[in-house]
Amino acid sequence: MAVPKRKTSKKVKNQRRTHKKLHAPGMVICENCGEYSKPHHVCKSCGQYNGKQVVEQ
Ligand SMILES: [Zn+2]
């Protein structure tokens, strides 16, 4: 069985994990106002969905 020759350094370990970060679950960033909103739902802060004004503010 293949076994690593050296212990993975903290630097290499952290470099590998740079794309592995937490984000708010089930939330997307609105393309119009940049606020967090639910996916496939009208944005609560600007009232837009799919680039169209759906709810007047
Ligand atoms: Zn919005």
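Under the annotation held in an unreviewed UniProt entry, the protein chain carries the name Large ribosomal subunit protein bL32 and is attributed to Halobacillus salinus. According to the UniProt record, the Sequence similarities (unreviewed entry) comment for the protein chain is "Belongs to the bacterial ribosomal protein bL32 family."

Now for the overall build of the protein chain. A count of helical and extended segments in the protein chain gives 1 helix and 4 strands. Going residue by residue from the N terminus, the α and β elements of the protein chain occur as α-β-β-β-β. For 57 residues, the compact-globule estimate of 2.2 N^0.38 gives 10 Å, and the C-alpha radius of gyration of the protein chain, at 20 Å, exceeds that figure by more than 25%. Taken over the C-alpha atoms alone, the protein chain extends approximately 60 × 25 × 15 Å along its principal axes. A fraction of 0% describes how many contacts in the protein chain between residues 6 or more apart in sequence connect residues 24 or more apart. Of the roughly 5,800 Å² of accessible surface on the protein chain, 54% is carried by carbon and sulfur atoms.

For the zinc ion, the protein coordination sphere consists of C30 (SG), C33 (SG), C43 (SG) and C46 (SG), at 2.1 to 2.3 Å. Geometry at the zinc ion is tetrahedral, judged from its 4 donor atoms and the angles of 104 to 115° they form at the metal. Here the donor residues of the zinc ion are spaced in sequence according to C-x2-C-x9-C-x2-C. Placement of the pair is C30 in the loop between β1 (28-29) and β2 (36-37) and C46 in the loop between β2 and β3 (48-49), with a sequence separation of 16 residues. Residues C30 and C46 agree in their burial class; the two are buried.

Thresholds applied
- Residues numbered from 1 in each chain as written.
- Predicted model: local features only at pLDDT ≥ 70, side-chain atom pairs only at ≥ 80, totals over all residues.
- Heavy atoms only, no water.
- UniProt positions renumbered as here; feature names shortened; annotations may be inferred.
- Helix = DSSP H or I, 4+ residues; strand = E, 2+ residues; numbered from the N terminus.
- Rg over C-alpha atoms; globule rule 2.2 N^0.38 Å.
- Contact = heavy atoms within 4.5 Å.
- Areas by Shrake-Rupley, 256 points an atom, 1.4 Å probe, with all protein chains shown as cover.
- Donors = N, O, S within 2.8 Å, 3.2 Å for Na, K, Ca; no water.
- Tetrahedral: all angles 85-135°; square planar, octahedral: opposite > 155°, others 65-115°.
- Buried < 20%, exposed > 50% of the residue type's maximum accessible area, 1.4 Å probe, protein only.

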